[in-house]
Amino acid sequence: MELFLPCLYAFLACLGFCVLFRLNGLGAVLCSLGGALAWLVYLLTGPIMGNNDVIQYFWAAVFLSAYAEVMARVRKCPATGYLLIAFIPLVPGTGIYNMMDAALRGNTQDFLNTGLHTLSIAGSLAVGVLVVSSLVRMYSMLQHRRRTERGEKP
């Protein structure tokens, strides 16, 4: 139950954004499921990674990017749609809010500490997506090259 409820909340949050972006049916459920599973990966990697949330976010982003690429191939639609919705639970909104709150209060030290931590989370999310996307692209190019060398049509 400790892991189930946060994942359910992540699923519902993603489902709400599906309504906002006018996604419906199976696509909305699959996008929301990706967000819930990414949040589960974040929670499960906590004890393994020593509760280092930057690394937890990285692995959640890697999982989510792989999920989006698989769903894109299976459903024959862009992976960006899955990433856009399913990344909602991973966005470091609290860090951004706390950073701006510290800035408005004139607390420079908290602003810098929170800002650097939030930027490191955002960077780890970006690197996670970049790693998976690059690997998938390299694999696709390799497959295309092999087909071309065998004389098959692409």
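Just so we're clear, the structure is a prediction, and the values are computed from it rather than from any experiment.

**Focus on unusual backbone geometry**
Consideration 1: Despite not being glycine, Arg 22 has its phi angle at roughly 60 degrees, a positive value.
Consideration 2: Counting through the fold element by element, Arg 22 comes out in the loop between helix 1 (4–20) and helix 2 (26–48).
Consideration 3: Unusually for a residue other than glycine, Lys 76 sits at a positive phi of about 55 degrees.
Consideration 4: Here Lys 76 lies in the loop between helix 3 (53–75) and helix 4 (79–86).
Consideration 5: Given the relative accessible area of 72%, Lys 76 is considered exposed.

**Section: the packing of helix 2 against helix 4**
Consideration 1: Direction vectors running N to C along helix 2 and helix 4 enclose 55 degrees, while the axes themselves pass 8 Å from each other. Our classification of the angle between helix 2 and helix 4 gives oblique. Viewed along their axes, helix 2 and helix 4 form a crossing whose handedness is right-handed. Across the interface between the two elements, Leu 30, Cys 31, Gly 34 and Gly 35 from helix 2 touch Gly 81, Tyr 82, Ile 85 and Ala 86 from helix 4.
Consideration 2: The residue inventory of the contact of helix 2 with helix 4, partitioned by class, reads 5 nonpolar, 3 polar and no charged.

**Points about a nonpolar patch on the surface**
Consideration 1: A cluster of nonpolar side chains, Met 1, Phe 4, Leu 8, Tyr 9 and Leu 12, forms an exposed patch at the surface whose accessible area comes to about 570 Å².
Consideration 2: With respect to the helices and strands, Leu 12 occurs in helix 1.
Consideration 3: Take Leu 12: its relative accessible area is 45%, and that puts it in the partly exposed class.

**With respect to the packing of aromatic side chains**
Consideration 1: Counted according to the given criterion, the structure contains 5 aromatic pairs.
Consideration 2: Consider the rings of Trp 39 and Tyr 42, whose centres lie 4.6 Å apart with planes at 25 degrees: the pair is stacked. Here the residue Trp 39 and the residue Tyr 42 both occupy positions in helix 2, the gap between them amounting to 3 residues, near one helical turn.
Consideration 3: Given a relative accessible area of 16%, Trp 39 falls into the buried group.
Consideration 4: The rings of Trp 39, Tyr 42 and Tyr 57 are connected pair by pair, giving a single aromatic cluster.

**A short note on helix 2**
It helps to recall that an α-helix has 3.6 residues per turn; residues three or four apart then point in one direction.
Consideration 1: An ideal rise of 1.5 Å per residue puts 33 Å on 23 residues; helix 2 measures up with 33 Å between its terminal C-alpha atoms.
Consideration 2: Directly beyond the C-terminal end of helix 2, a positive phi value near 70 degrees is found at Gly 50.

**Some points on the pattern of salt bridges**
Consideration 1: Going through the model one piece at a time under the given rule, you end up with 2 salt bridges.
Consideration 2: Between Asp 101 and Arg 105 there is a salt bridge, with the nearest N and O atoms lying 3.1 Å from each other. In this pair, Asp 101 and Arg 105 both sit in helix 5 (residues 93–105), 4 residues apart, roughly one turn of the helix.
Consideration 3: Residue Asp 101 is classed as partly exposed on the basis of its relative accessible area of 26%.

**As for the nonpolar core**
Nonpolar side chains in soluble globular proteins tend to end up buried together.
Consideration 1: Ranked by size, the top nonpolar core spans 30 residues in total, and within it Trp 39, Tyr 57, Leu 64, Tyr 82, Phe 87, Leu 90 and Leu 125 carry the most contacts.
Consideration 2: At the level of elements, helix 1, helix 2, helix 3, helix 4 and helix 6 (108–149) are the ones that each hand at least two residues to this core.
Consideration 3: Among all residues touching Trp 39, those that are not within four sequence positions of it are Pro 6, Cys 7, Ala 10, Tyr 57, Pro 89 and Leu 90.

**Quick look at the packing of helix 5 against helix 6**
Consideration 1: In contact at an axis separation of 8 Å, helix 5 and helix 6 are set at 160 degrees when each is read in the N-to-C sense. Relative to helix 6, helix 5 is oriented roughly antiparallel. Once helix 5 is placed against helix 6, the crossing between them reads as left-handed. On helix 6, the residues that touch Gly 95, Ile 96, Asn 98, Met 99, Ala 102 and Ala 103 of helix 5 are Asp 110, Phe 111, Thr 114, Gly 115 and Thr 118.
Consideration 2: Considering only residue class, the contact of helix 5 with helix 6 consists of 5 nonpolar, 5 polar and 1 charged.

Reading the values: rules and limits
Residues numbered from 1 in each chain as written. Predicted model: local features only at pLDDT ≥ 70, side-chain atom pairs only at ≥ 80, totals over all residues. Heavy atoms only, no water. Helix = DSSP H or I, 4+ residues; strand = E, 2+ residues; numbered from the N terminus. Buried < 20%, exposed > 50% of the residue type's maximum accessible area, 1.4 Å probe, protein only. Axes fitted to C-alpha atoms, helices over the stretch in contact; angles between N-to-C directions. Parallel < 35°, antiparallel > 145°, perpendicular 65-115°, else oblique. Left-handed = near helix turned anticlockwise from the far one by under 90°. Contact = heavy atoms within 4.5 Å. Nonpolar A, V, L, I, M, F, W, Y, C, P; charged D, E, K, R; others polar. Patch = residues over 30% accessible without salt bridge, like charges linked within 9 Å, V, L, I, M, F, W, Y side chains within 5 Å. Areas by Shrake-Rupley, 256 points an atom, 1.4 Å probe, with all protein chains shown as cover. Salt bridge = Lys/Arg side-chain N within 4 Å of Asp/Glu carboxyl O. Phe/Tyr/Trp six-rings, centres within 6.5 Å; stacked < 30°, edge-to-face > 60°. Expected span 1.5 Å × (residues − 1). Core = buried A, V, L, I, M, F, W, Y, C linked by side-chain atoms within 4.5 Å.

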